[in-house]
Amino acid sequence: MSRGIRKRGRIYWFRINHKGRTHEGSLQTQSLAVARERLEAVRRRLSDGSFGIERHTFDEAARRFGAEHFKTLKPQSRRRYLASLVNLEVHLRGLDLAAITTARLSEFEQARLKSGVTSATVRRDLACLSSLFSRCEEWGWITSNPAKPYLRSRKSALRESAPKEAYWTPEQEAAALPLAPPKARDAMVFAIDTGLRREEQFSLLWTDIDLDRGEITVRAEVAKSSKSRTIPILPRTLELLRSRPRSLGYVFTTDAGQRYSHQAPTLNEALAKACRRAGLPRISWHDLRRTCGCRLLQDLGLTMDEVARWLGHSSVRVTERHYAFLKVEHLHRALKRGIVVELKAKG
């Protein structure tokens with residue numbers, strides 16, 4: 001292979017030094033012969049000073065990034081990236097890509113933090129920008145990605161938020177569920193018993209359910225990990241599903257027979273009202289998934305590895321991180337049991 005040419009995936013890239021400065025970028029071809037020709041053209045442009053004169057703005061990059069990259073993402077990731085691009089556009093609108101330096105990224109970080117968002121949100125915005133810059137490298141628009149080293153340098157400062165701990169105890173569930181409308185109540189029961197993510201639950205088709213075997217299959221195209229998984233159906237939900245009329249479409253639909261949107265506002269409102277009427281702290285739909293995880297560990301005695309596979313976590317470490325708080329609760333309960341036993345013995 002020619003000097004200065006390397007392969008990244010199927011595409012040839014160049015990396016050469018000129019006057020003490022390193023230049024690299026995509027040659028946008030899978031042909032080594034074409035790559036050599038384009039590298040020579042790059043060398044000529046470097047020599048005559050014309051290399052890098054073509055300018056592209058953040059706005060152009062964002063439009064092309066959305067058009068080409070968004071179609072490869074799952075709906076939830078697409079929404080997250082879109083939200084980040086909107087936040088980035090406020091600060092970077094009209095700027096040349098070459099003008100987006102680490103100093104500019106620092107200004108963006110400070111402005112976002114002052115607006116009241118969390119450091120985790122800022123990190124996700126910058127991760128989106130890094131992905132956009134990587135695409136710009138592939139297009140030959142820039143020679144390096146400034147967001148990558150910036151994110152590495154801010155790793156400790158821009159940490160993910162601590163895992164949330166809200167979930168329903170059986171007593172809280174018994175108090176709140178009867179106060180929810182039937183349609184919303186069924187969806188809540190299903191979320192608690194299966195632990196499916198919101199997108200997975202409301203993308204579920206009747207063809208994904210095997211009532212005879214008592215199993216639900218989460219399709220790869222809707223799973224966050226892009227890997228299908230099959231979980232057993234608990235008795236309560238099995239009875240619920242058998243009582244519902246079956247069709248060829250989605251399991252959960254609106255009164256008009258339409259699929260719930262990703263935010264399912266009517267269900268969120270129903271959950272909030274049920275909490276308020278029962279005098280309980282408000283919880284999110286994702287907290288119902290956490291409720292499932294807690295019960296699998298506490299009541300059914302599943303291991304962390306088994307719960308990781310049930311919930312579709314990328315690794316058991318994710319499960320351990322999100323459910324570490326249960327270990328402390330378990331110690332408190334054990335202590336209370338010990339005190340009760342001691343008091344009975346004294347009595």
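Structure report, in brief. (Residues numbered from 1 in each chain as written. Predicted model: local features only at pLDDT ≥ 70, side-chain atom pairs only at ≥ 80, totals over all residues. Heavy atoms only, no water.)

As for the packing of helix H8 (residues 182–194) against helix H12 (residues 285–298)
- Viewed as axis vectors pointing N to C, H8 and H12 meet at an angle of 40°, and their least axial separation amounts to 6 Å. Comparing their axes, H12 and H8 come out oblique. Seen from above, H8 lies across H12 with right-handed handedness. In this structure, H8 uses Ala187, Met188, Ala191, Ile192, Asp193 and Thr194 to contact H12, whose residues at the interface are Trp285, Leu288, Arg289, Thr291, Cys292 and Arg295. (Axes fitted to C-alpha atoms, helices over the stretch in contact; angles between N-to-C directions. Helix = DSSP H or I, 4+ residues; strand = E, 2+ residues; numbered from the N terminus. Parallel < 35°, antiparallel > 145°, perpendicular 65-115°, else oblique. Left-handed = near helix turned anticlockwise from the far one by under 90°. Contact = heavy atoms within 4.5 Å.)

Here's the deal with the sheet that holds strand E4 (residues 209–210)
- Read across the open sheet, the 3 strands follow the order E4-E5-E6; overall the sheet is antiparallel. Since the sheet does not close on itself, it has two edges, and those belong to E4 and strand E6 (229–232), each with one partner.
- Across 2 bridges, the pairing between E4 and strand E5 (residues 215–218) is antiparallel. Among the inter-strand pairings, Ile209 is bridged to a residue of E5, identified as Ile216. (Pairing = 2+ DSSP bridges.)

Brief notes about the environment of Ile216
- Among the structural elements, Ile216 can be located in strand E5.
- Counting along the chain gives 11 residues from Ile216 to Leu205, while the straight-line C-alpha distance between them is 9.8 Å.

Focus: the packing of aromatic side chains
- Evaluation of the coordinates by the stated rule reveals 8 aromatic pairs.
- Measuring from ring centre to ring centre gives 5.0 Å for Trp139 and Trp141, while their planes differ by 65°; the resulting arrangement is edge-to-face. Here Trp139 and Trp141 have matching classes, each one buried.
- What links up through ring pairs into an aromatic cluster is the set Phe190, Phe202, Phe252 and Trp285.
- Taking NZ or CZ as reference, Arg8 lies 3.7 Å from the ring centre of Trp13, over its face.
- The cationic tip of Arg259 hangs over the ring face of Tyr250; the distance from NZ or CZ to the ring centre is 5.5 Å. (Phe/Tyr/Trp six-rings, centres within 6.5 Å; stacked < 30°, edge-to-face > 60°. Buried < 20%, exposed > 50% of the residue type's maximum accessible area, 1.4 Å probe, protein only. Lys NZ or Arg CZ within 6 Å of the ring centre and 35° of its normal.)

Re the environment of Leu234
- For Leu234, the location among the structural elements is in the loop between E6 and helix H10 (235–242).
- Residue classification places Leu234 among the partly exposed positions, given a relative accessible area of 25%.
- As for Leu234 and Gly214, which are separated by 20 residues in sequence, their C-alpha atoms are 7.9 Å apart.
- Setting aside residues no more than four positions away along its own chain, Leu234 makes contact with Asp193, Leu300 and Trp310.

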